[in-house]
Amino acid sequence: MVVGRVMSRLERFRGLGSVARGEYGAKWGVGIVRSYSTEVLSKEEAEAELVKAARGFRKERKFTPTGGDGKAATKLSTSREIALKHVRSLYRRALAEIPEMKKNFVLTEPESLIRDTIKSLIMANKDVKQSKVIDLLAFKGGQELEEISRQWKGRHHIIEQIAKYEAQLAREKNAKLVEEMIKQEEVPGYLPSKDSGDSLANQMKLREWKQRKLIPPAIDTWPQYLVWRKEEDERFTQFAIEHGLFSREDLEQNYQFAAARGIGSSF
C-alpha cells in the first residue's frame, strides 16, 4: 500500500522537470522505493529523497573559491615562464579560430587585421610580471575565446575590438607623422616645447571640440590636431580649385591674412 503511494508520487514528480531529469529521477526513485519498502528509509526520508530525484540532484556540489565546481579553475603557474606558455597556447588557439570566426560572424575584414587585433589585445598586458595575474588574464582570454567559438558573443563585440585597434594604429601613425614634421619644421603654428604643445588650455579645447563633434574622437593631442587641421585645409584647397571656387593664389592670400590677424586658429 505504502509502496503504491510512493510510486504514484514518483509518477507525479516525473513531469516536474525535463526529460533527462525525469529519466534520472525515475531510476533513483525506484531505488528509494526499494529502500523504503525494506525499512532502510523512513517515510519522510523517502519523500525528501524522492523530491531530490525528481529534480535531478545527483549529489551536493562542492564549490571552490574561484566559483563553480572547480572544473573551470585557473591553472596556477609556478613561474612567469610557465604562465607565458599558457598565454602562447591561448594565442595559437585564437589564431586557429579565425577562419571559423570569419564564417560564423560574416567578417569582411582580412585575416591579417584580425590577427593583428588579437596580438594587440595580448601585447597590451606584456608588462605584467606576476605569474598569478598572467594566469588570470589567460583564463579570462580563454573564456572570451570560448564565448566567440560558441557564438555567445555578437558580431558587434568583434567589430568593436577591430575598430579600437584601427583607431590605435591611426593615433600611432599621426604621432610618427608629427615627429617627422617637427624635425622638418613643417607644422604651422607649432613650437617645440617640453609638453609638445599639450598645455591644459589646449587639452580643454580638444575636449570641448570633441563634445561638439567638430574634430574626430581619435585626436588626443594638440600635435595630432594640427596635422589633422593641415590635412583638412589641403583637402578644402583641392576641392575649391577643382570646382572653380577659388584659385590657389586666392587661398594663400586668405591664409596669410587670417594668420596675420590670428583668425582661424580655433573653432
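Model, not experiment: these values are computed from the prediction.

1. Description of the overall build of the protein chain
Of regular secondary structure, the protein chain possesses 11 helices and 0 strands. Secondary structure of the protein chain in N-to-C order comes out as α-α-α-α-α-α-α-α-α-α-α. Looking at the protein chain alone, contacts between residues at least 24 apart form 56% of all its contacts between residues at least 6 apart. For the protein chain, the exposed surface amounts to about 19,000 Å²; the carbon and sulfur share of it is 55%.

2. Some details on the side chain of Ser131
One can find Ser131 in helix H7 (residues 131–149). Once residues lying within four places of it in the same chain are set aside, the contact partners of Ser131 are Ser77, Ser79, Arg80 and Ala83.

3. A short note on the pattern of salt bridges
Under the criterion given, the structure shown has 10 salt bridges. A salt bridge links Glu111 to Arg115, with the shortest nitrogen-to-oxygen separation between them at 3.9 Å. With Glu111 and Arg115 both in helix H6 (residues 111–123), this residue pair falls 4 residues apart, about one helical turn. Since its relative accessible area comes to 35%, Arg115 is described here as partly exposed. Ionic pairing is found between Lys153 and Glu147, a salt bridge with its closest N-O pair at 3.4 Å. Residue Lys153 is classed as buried on the basis of its relative accessible area, which comes to 18%. Overlapping salt bridges, with partners in common, bring together Glu144, Glu147 and Lys153 in one network.

4. Re the packing of aromatic side chains
Across all of its chains, the model carries 4 aromatic pairs by this definition. Aromatic side chains Trp209 and Tyr225 sit 5.0 Å apart centroid to centroid with 45 degrees between the ring planes, which places their arrangement in the tilted category. In this pair, Trp209 sits in helix H9 (residues 200–211) while Tyr225 sits in helix H10 (residues 222–242), placing the two residues 16 residues apart along the sequence. Residues Trp209 and Tyr225 agree in their burial class; the two are buried. Aromatic side chains Tyr225 and Trp228 sit 6.2 Å apart centroid to centroid with 35 degrees between the ring planes, which places their arrangement in the tilted category.

5. Here we look at the nonpolar core
Residues Met101, Phe105, Leu107, Ile114 and Ile158 are the most contacted members of the largest nonpolar core, which totals 14 residues. Of all the elements in the fold, those that place two or more residues in this core are helix H4 (80–96), helix H5 (98–105), H6, H7 and helix H8 (155–184). Apart from the residues within four sequence positions on either side, Leu107 is in contact with Met101, Lys102, Ile114, Arg155, Ile158 and Ile159. With 8 residues, the next largest nonpolar core counts Trp209, Ile219, Tyr225 and Trp228 among its residues.

6. Re H5
Along H5, the residues that are buried comprise Ile98, Met101 and Phe105. Viewed along the axis of H5, the buried residues span an arc of 55 degrees, placing them on a single side of the element. In the stretch just after H5, Val106 is the one whose phi turns positive, near 50 degrees.

7. With respect to the packing of H10 against helix H11 (residues 248–260)
Look at H10 against H11: their axes get within 10 Å of each other, and the N-to-C directions meet at 145 degrees. Here H10 runs over H11; the crossing is right-handed. Residues Asp233, Glu234, Phe236, Thr237, Gln238, Ala240 and Ile241 of H10 touch H11, and the partners they reach there are Arg248, Leu251 and Tyr255. Split by residue class, the contact of H10 with H11 holds 5 nonpolar, 2 polar and 3 charged.

8. Brief notes about a nonpolar patch on the surface
Side chains of Phe236, Phe239, Leu245, Phe246 and Tyr255 sit close together on the surface and give an oily, nonpolar patch of about 470 Å² of accessible area. Here Phe246 lies in the loop between H10 and H11. For Phe246, a relative accessible area of 37% translates into the label partly exposed.

9. Describing unusual backbone geometry
The phi dihedral of Gln151 is positive, around 60 degrees, even though this residue is not glycine. At Lys213, a position not held by glycine, the phi torsion is positive, near 60 degrees. Within the element layout of this structure, Lys213 appears in the loop between H9 and H10.

10. Here's the deal with the confidence of the model for the protein chain
Chain-level statistics for the protein chain give a pLDDT mean of 75 and a share of 63% at 70 or above. Every residue in residues 16–28 scores below 50 in pLDDT, and together they form 18 contacts with partners more than four places removed in sequence or on other chains. pLDDT under 50 marks residues 186–195. Its contacts with residues more than four places away, or in other chains, come to 13 contacts.

Conventions and cut-offs
- Starting from 1, residues in each chain are numbered consecutively following that chain's sequence as written.
- Under the rules for a predicted model, residues below a pLDDT of 70 receive no local features and side-chain atom pairs below 80 are neither given nor counted, while totals for whole chains, interfaces and linings still include all residues.
- Side-chain calculation: all heavy atoms of the structure are included, whereas hydrogens and water are not.
- Secondary structure elements are taken from DSSP: a helix is a run of H or I of four residues or more, a strand is a run of E of two residues or more, and numbering for both begins at the N terminus.
- Whether two residues are in contact is decided by their heavy atoms: any pair within 4.5 Å suffices.
- The Shrake-Rupley method, run with a 1.4 Å probe sphere, supplies the accessible areas, and residue values consider only the shown protein chains as cover.
- By convention in these notes, a salt bridge is any Lys or Arg side-chain nitrogen within 4 Å of a carboxyl oxygen on Asp or Glu.
- Three labels apply to residues, based on accessible area from a 1.4 Å probe with only protein chains included: buried if under 20% of the type maximum, exposed if over 50%, partly exposed otherwise in between.
- Pairing of aromatic side chains requires ring centres within 6.5 Å, counting the rings of Phe and Tyr and the six-membered ring of Trp. Pairs whose planes differ by under 30 degrees are stacked, by over 60 edge-to-face, and all others tilted.
- In plain words, nonpolar cores are sets of buried Ala, Val, Leu, Ile, Met, Phe, Trp, Tyr and Cys residues tied together by side-chain atoms within 4.5 Å.
- Think of it as the arc spanned by the lines of direction from the helix axis to the C-beta atoms.
- Here the axes come from fitting lines to C-alpha atoms, over the contacting stretch only for helices, and the angles between their N-to-C directions go from 0 to 180 degrees.
- A clockwise turn of the near helix away from the far one marks a right-handed crossing, whereas an anticlockwise turn of less than a right angle marks a left-handed crossing.
- Put simply, Ala, Val, Leu, Ile, Met, Phe, Trp, Tyr, Cys and Pro go in the nonpolar bin, Asp, Glu, Lys and Arg in the charged bin, and everything else, Gly too, in the polar bin.
- Note on patches: the residues involved have over 30% relative accessible area and no salt bridge, like charges join within 9 Å, and the nonpolar side chains Val, Leu, Ile, Met, Phe, Trp and Tyr join within 5 Å.
- Residue-level confidence of the predictor is what pLDDT reports, using numbers from 0 through 100.

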